[in-house]
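Here are the chains, one letter per residue:
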Amino acid sequence: MRTTSIISILLVVAATSACRDAGARTTFSEAQTVSAATTVGAAPMFALSPTGKRAVAWVSAPGGGTDGRLYVSTGGAPSELRDSLGPIEPHGEAPPKMAYGPDGTLYALYAVGKVVPGRRFPMSSLRLAKSADDGRTWTMPVTIASDSAFGTRNFHALHVGGDGSLYVAWLESNQGKSKTFLTRSTDAGATWTPPVLADTNQSCPCCRTAIATARDGTLYLAWRTVFPGNVREVVVARSDDHGATWAPPVRVHADNWVFDGCPHAGPSMQVDSAGTVHIAWWTGKEGSAGVFYTRSSDRGARFAEPIALGTAEFSAPAHVQLALGSDRTVVAVWDDGTVKTPKVVMRVSHDNGAAFGPATLVSAEGRAATFPVLALAGKELTIAWSEQSQSEHNHEMAMAPNMKDPKAVKGLSRVGESTVRVRNGRLQ
Amino acid sequence: MIRISPACRARIASALTCVTLLAAIGCKPNADQDEAFRPIAVGQLVPELTVRTLEGDSARIAAGEPVTLLHVWATWCGPCQKEFPEIEAIQREFGPRGLRIVAVSVDEGDDDPVRAFAEDKGATFEIGRDPDGSIRRLYQGIGVPESYLISADGRLLVRQFGAIPEGAAAMRAEIEKALEASSQTSRSGELKRASM
């Protein structure tokens, strides 16, 4: 009997230790509503300064309307950036992007929408502003990569290379076909190279792009392309001359997902100090739908067999973000689309992406949490996302099917009822 | 060497089972009752849905309504723009025979851009509005465009994620079948009433 008890106790201890190992490697603070100062908020984004300072940004509008403004905070009250050209778009898949330069300059790249007289539909413009004081004051925004203020540029990415070069990528539509472009500035955004087409093939028109650079200056660009038969796969292209020319893009994995539409789910990509390219993405392929991760150790020529981070038979579009630590840590966060109410989950690898620990829930149960972003400085982790309460979610769902009066009119909902939540964590 | 009796072995086995179960439940960080994301399947009854239309009326999508092609789209969606003439062609071909098309725009904001788009494309079918994305949650959709062919008894006949393939041959065949089935049901109902 005594032996049985000892063995049982040992087993329980072993089991609980295993749980602690798996689930408690990250300790989190309580979530805070970073957008409280602006009542509502959406499309969050982070930037990490060379000294480890974190700036968080989001878009809000008076009354949750459409007059979007950018708010930036490094811990205190947020500062506001308005653009005289038009409202800043609060688009979760095309949020404002921020990055610090080596000298501590903070750059913000965002899309402005505007109804242009004589045109039936709003157009968009990519705008760049910079701040020398962590977003408290901003320079006059400038239009990126175009003589004309408005076009169809969107789903942008912003990256600052190790040499201080600024890179901006985007999707642009011409006669119904989207293509991926990139431009570079070597003078802190004062002038830009002419836009370079990364690939002549058609790009999926509404999935965000991603840029990363290796220590040696090799530039990588990732996006979702459209292969024949409307197969929509994520590809990575490499440039050895700072974006002037591009090698043919390489498919990270043959998901074979066919979809002639707008899924709004682009990839996330990072390059580590050894030059390994890490990439995560979502696919809607039935039977194995969800979020995957893979890496390439030969400069993007080939990618390893992907790891399924969170998949099921079906998945709504999920938006994954990757961050790399200095100690072979890879962190992936995404809004899990395999469940009806999306929630933000995280998985961590401590061996440079060879294997990942189990999923940890980051957002609150019962709330619809979407479009997470993360910043990782050493062991310190910050994750932000857009959130909507379950009651708001349920209310919207209930309104549509329960309208019995055939003449009832469903009122327009306010734009931007969501809030931006932030949670700090520490990797153990 | 520890000698373990059969009774003791049984107790260890039970303890091991319990520990394994505890570990399995406890280690799963989100062991909740999350309902899986699962798009509405062919053959299922569609959830009752009423959408506001641009005309200020409402369109009910449920059992007891005509055979309906529920089309979900947005003005900013390239494939939707390309597909709109096909939807209009289906309307002109099958509308007079009883097909109802409800094309629901999920554009956020006010109606003006949606109205302008529909006018520009010369749409003669009903345009619904769902700026909250309720349809996406109810039907568990992936993105836009999406199309759902729904029978008169409220069952999903076709689920099309993405644009309907050019020519829409398969969709047209399904619409034919649905309209035929619907008219047969109507005829048999009329015969029953006549014989009473």
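The shown structure was predicted, so the numbers you read here are calculated from the model rather than taken from an experiment.

**Q** Let's hear about the overall build of chain B: which residues, and what values?
**A** Regarding its fold elements, chain B presents 5 helices and 7 strands. The linear arrangement of helices and strands in chain B, starting from the amino end, is α-β-β-β-α-β-α-β-α-β-β-α. Across the 196 residues of chain B, 49% fall into the buried class. If you take every contact in chain B between residues at least 6 apart in sequence, the share linking residues at least 24 apart comes to 70%. Counting every atom, chain B has about 9600 Å² of accessible surface; 55% of that belongs to carbon and sulfur.

**Q** Residue-level account of the overall build of chain A, with values.
**A** Assigned secondary structure in chain A consists of 2 helices and 29 strands. With 428 residues in all, chain A has 56% of them scored as buried. Within chain A, contacts between residues at least 6 apart in sequence are counted, and of these 53% link residues at least 24 apart. Entry remark: accessible area of chain A is about 16800 Å², with carbon and sulfur atoms responsible for 53%.

**Q** I'd like to hear about empty space enclosed by the protein, residue by residue, with values.
**A** It is a probe the size of a water molecule, rolled over the atoms, that shows where empty space is left. According to the stated counting rule, one finds 2 cavities of 30 Å³ or more in the structure shown. Its boundaries defined by the atoms lining it, the second largest cavity holds a volume of some 30 Å³. Around the second largest cavity, the lining residues are Trp257, Gly284, Glu286, Ala289, Phe314 and Ser315 of chain A together with Ile142 and Phe161 of chain B. Classifying every residue of the lining of the second largest cavity by side-chain character gives 5 nonpolar, 2 polar and 1 charged.

**Q** Outline the environment of Ala222 of chain A, supporting the account with residue identities and numerical values.
**A** Residues and elements named next belong to chain A. Tracing the sequence through the fold places Ala222 in strand 16 (residues 219–227). Residue class for Ala222 comes out buried when judged on its relative accessible area of 0%. Each C-alpha atom, one on Ala222 and one on Asp327, is 24 Å from the other, the two residues being 105 residues apart in sequence. When neighbours within four sequence positions are excluded, Ala222 is seen to be in contact with Thr209, Ala210, Val235, Val236, Pro267, Met269 and Ile279.

**Q** Tell me about the side chain of Glu387 of chain A, residues and numbers included.
**A** Residues and elements named next belong to chain A. Structurally, Glu387 is set in strand 28 (residues 380–389). Within the local environment of Glu387, its side chain forms a polar contact with the side chain of Arg367, the two groups lying 2.2 Å apart. Residues in contact with Glu387, not counting those within four places in the same chain, are Ser363, Ala364, Arg367, Ala368, Ala369, Ser418, Thr419 and Arg421.

**Q** Before we move on, can you summarise the nonpolar core with the specific residues and values?
**A** Grouped together as the largest cluster of nonpolar side chains are 73 residues, with contacts concentrated most on Leu70, Ile90, Leu99, Ile127, Tyr139 and Tyr148 of chain B. With 5 residues, the single largest contributor to this core is helix 2 (residues 78–94) of chain B. Not counting residues up to four positions away in its chain, the partners in contact with Tyr148 of chain B are Ile40, Thr68, Leu69, Leu70, Val72, Tyr139, Gly141, Leu156, Val158, Arg159 and Phe161 of chain B. The next biggest cluster of nonpolar side chains, apart from the first, holds 20 residues, and it includes Val72, Tyr100, Tyr110 and Val112 of chain A.

**Q** Quick rundown of the packing of aromatic side chains? Include the residues and the values.
**A** All names here are of chain B. In the structure shown here, the tally under the stated rule is 11 aromatic pairs over all chains. On the basis of an interplanar angle of 90° and a centroid distance of 5.0 Å, the ring pair of Phe84 and Phe117 is categorised as edge-to-face. Of this pair, Phe84 sits in helix 2 while Phe117 sits in helix 3 (residues 112–121), placing them 33 residues apart in sequence. We classify Phe84 as buried; its relative accessible area is 1%.

**Q** Describe the sheet that holds strand 22 (residues 307–312) of chain A, with residues and values.
**A** Residues and elements named next belong to chain A. With antiparallel pairing, the 4 strands of this open sheet are ordered in space as 19-20-21-22. Where the open sheet ends on each side, the last strands, each with one partner, are strand 19 (268–271) and strand 22. Going across the sheet, the axis of each strand differs from the next one's by a mean of 10°, ignoring polarity. Alignment of strand 19 against strand 20 (residues 277–283), held across 4 bridges, turns out to be antiparallel.

**Q** Provide a residue-level description of the pattern of salt bridges, including the pertinent values.
**A** All names here are of chain A. For the structure shown, the criterion picks out 29 salt bridges over all chains. Linking Glu233 and Arg251 is a salt bridge whose minimum nitrogen-to-oxygen distance equals 3.0 Å. Of the two residues, Glu233 is situated in strand 17 (residues 231–239) and Arg251 in strand 18 (residues 250–251); the sequence distance between them amounts to 18 residues. Classification of Glu233 as buried rests on a relative accessible area of 0%. Owing to a relative accessible area of 34%, Arg251 belongs among the partly exposed residues under this scheme. Here the salt bridges share partners, and the residues they tie into one network are Asp67, Arg69, Glu80 and Arg82.

**Q** Give me helix 3 of chain B: which residues, what numbers.
**A** Listed as buried for helix 3 of chain B are Val114, Ala116, Phe117 and Ala118 of chain B. Directly beyond the C-terminal end of helix 3 of chain B, a positive phi value near 70° is found at Gly122 of chain B.

**Q** How would you summarise the pairing of strand 4 (residues 54–60) of chain A if you had to cite specific residues and measurements?
**A** Side chains on a regular strand alternate between the two faces of the sheet. All names here are of chain A. In terms of residue burial, strand 4 counts as a mostly covered element, since 6 of its 7 residues are buried. Alignment of strand 3 (residues 42–48) against strand 4, held across 5 bridges, turns out to be antiparallel. Opposite Ala47, over in strand 4, you have Ala55 as the bridge partner. Adjacent in sequence and paired antiparallel, strand 3 and strand 4 are bridged by 5 residues, among which Gly52 carries a positive phi angle near 90°. Where strand 4 meets strand 5 (residues 69–73), 5 bridges bridge the pair, whose relative direction is antiparallel.

Reading the values: rules and limits
- Residues numbered from 1 in each chain as written.
- Chains lettered and ligands numbered in written order.
- Predicted model: local features only at pLDDT ≥ 70, side-chain atom pairs only at ≥ 80, totals over all residues.
- Heavy atoms only, no water.
- Helix = DSSP H or I, 4+ residues; strand = E, 2+ residues; numbered from the N terminus.
- Buried < 20%, exposed > 50% of the residue type's maximum accessible area, 1.4 Å probe, protein only.
- Contact = heavy atoms within 4.5 Å.
- Areas by Shrake-Rupley, 256 points an atom, 1.4 Å probe, with all protein chains shown as cover.
- 1 Å grid on protein atoms, 1.4 Å probe; cavity = no way out; pocket = protein on both sides within 12 Å on 5 of 7 lines; lining within 4 Å.
- Points joined across faces, edges and corners; volume = space filled by probe spheres on them.
- Nonpolar A, V, L, I, M, F, W, Y, C, P; charged D, E, K, R; others polar.
- Polar contact = N/O pair within 3.5 Å; in protein donor to acceptor, adjacent residues only side chain to side chain.
- Core = buried A, V, L, I, M, F, W, Y, C linked by side-chain atoms within 4.5 Å.
- Phe/Tyr/Trp six-rings, centres within 6.5 Å; stacked < 30°, edge-to-face > 60°.
- Pairing = 2+ DSSP bridges.
- Axes fitted to C-alpha atoms, helices over the stretch in contact; angles between N-to-C directions.
- Salt bridge = Lys/Arg side-chain N within 4 Å of Asp/Glu carboxyl O.

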